[in-house]
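Breakdown of the fold
Residues per chain are reported as follows:
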Amino acid sequence: MNKQQTVELKKKLKVERLTPQRILLFDIIQQNPGHLHVEELYKLARKKDATINLSTVYRTLNEFKKVGIVHELHLEEEHHHYESGEKAAHHHLICGKCGAVVDFLWNKIEDLKKKIAKKYGYSISHLRLQATGLCQKCRK
């Protein structure tokens, strides 16, 4: 984490100092482009800091989620996944059999968002599309 990222993270979290655990978890999330669940994040963190505990990971993710550093995803599984809040807006294809997740972009989502907002009188801040089915591997 560079100095600018440290300043921005402190500002987002509204804290004077960052704990080593927050910095570690932030770095892991930024370095892993996938959709991590808590256990994966915890295992990766334990490789670098054997003293970190699972409750710290949950607390930190909750703090990060509140300020948009991470997005919590519900991907047809019993646990949540987390991904960086800094990723460009995208959507998900989820395999209902193996759990594989594919990010995809769809440029018509903005038009859909405008139509829904107009029809129902909403001011929509974001719209996520999640499609569940079977991936190519599981269809065979």
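Residues numbered from 1 in each chain as written. Predicted model: local features only at pLDDT ≥ 70, side-chain atom pairs only at ≥ 80, totals over all residues. Heavy atoms only, no water.

A word on helix α5 (residues 109-120)
Its 12 residues give α5 an end-to-end C-alpha distance of 16 Å, which sits within 8% of 16 Å, the value for a rise of 1.5 Å per residue. Inspection of α5 places I109, K113 and A117 among the buried residues, and these make up the whole buried set. Looking straight down α5, one finds its buried side chains confined to an arc of 75°; they lie on one side. In α5, the exposed positions that point more than 90 degrees away from the buried face belong to K114, K115, K118 and K119. In the core, the buried residues of α5 are packed alongside β4 (91-95). Downstream of α5 by one or two residues, G121 has phi in the positive range, about 70°. (Helix = DSSP H or I, 4+ residues; strand = E, 2+ residues; numbered from the N terminus. Expected span 1.5 Å × (residues − 1). Buried < 20%, exposed > 50% of the residue type's maximum accessible area, 1.4 Å probe, protein only. Arc of directions from axis to C-beta. Contact = heavy atoms within 4.5 Å.)

Description of the packing of aromatic side chains
By the definition in use, this model includes one aromatic pair. When the ring of F26 is compared with that of F64, the centres are 6.4 Å apart and the planes differ by 90°; the resulting orientation is edge-to-face. Taken as a pair, F26 in helix α2 (residues 20-31) and F64 in helix α4 (residues 54-66) lie far apart in primary sequence, 38 residues in all. The exposure classification of F26 matches that of F64, with both residues buried. (Phe/Tyr/Trp six-rings, centres within 6.5 Å; stacked < 30°, edge-to-face > 60°.)

Some points on the pairing of β4
Where burial is concerned, most of β4 is hidden: four out of the five residues are buried. Pairing geometry for β4 and strand β5 (residues 101-104), over four bridges, is antiparallel. Bridge pairing in β5 links H92 to D103. From the end of β4 to the start of β5, which pair antiparallel, there are five residues, and G99 there has a positive phi angle of about 85°. (Pairing = 2+ DSSP bridges.)

Comments concerning helix α1 (residues 3-13)
The N-cap residue of α1 is N2: its side-chain oxygen and the backbone nitrogen of Q4 are 3.1 Å apart. Backbone geometry just downstream of α1 places K14 in the positive-phi region, at approximately 55°. (Polar contact = N/O pair within 3.5 Å; in protein donor to acceptor, adjacent residues only side chain to side chain.)

With respect to the nonpolar core
Within the largest apolar cluster, 20 residues are counted, with the highest numbers of intra-cluster contacts made by L41, V57, L61 and F64. Counting residues per element, the ones that place at least two in this core are α1, α2, α3 (38-48) and α4. If one sorts the elements of this core by residue count, α2 sits on top with five residues. Not counting chain neighbours up to four residues away, the residues in contact with F64 comprise L9, L13, R22, L25, F26, I29, I69 and V70. (Core = buried A, V, L, I, M, F, W, Y, C linked by side-chain atoms within 4.5 Å.)

As for the packing of α2 against α3
Following both chains from N to C, one finds α2 and α3 inclined at 120°, their axes separated by 10 Å at the closest point. Taken as axis vectors, α2 and α3 run oblique relative to one another. Crossing geometry of α2 relative to α3 is assigned as right-handed. Only L41, L44, A45 and K48 of α3 make contact with α2, whose side of the interface consists of L24, L25, I28, I29 and Q31. Residues belonging to the contact of α2 with α3 are distributed by class as follows: seven nonpolar, one polar and one charged. (Axes fitted to C-alpha atoms, helices over the stretch in contact; angles between N-to-C directions. Parallel < 35°, antiparallel > 145°, perpendicular 65-115°, else oblique. Left-handed = near helix turned anticlockwise from the far one by under 90°. Nonpolar A, V, L, I, M, F, W, Y, C, P; charged D, E, K, R; others polar.)

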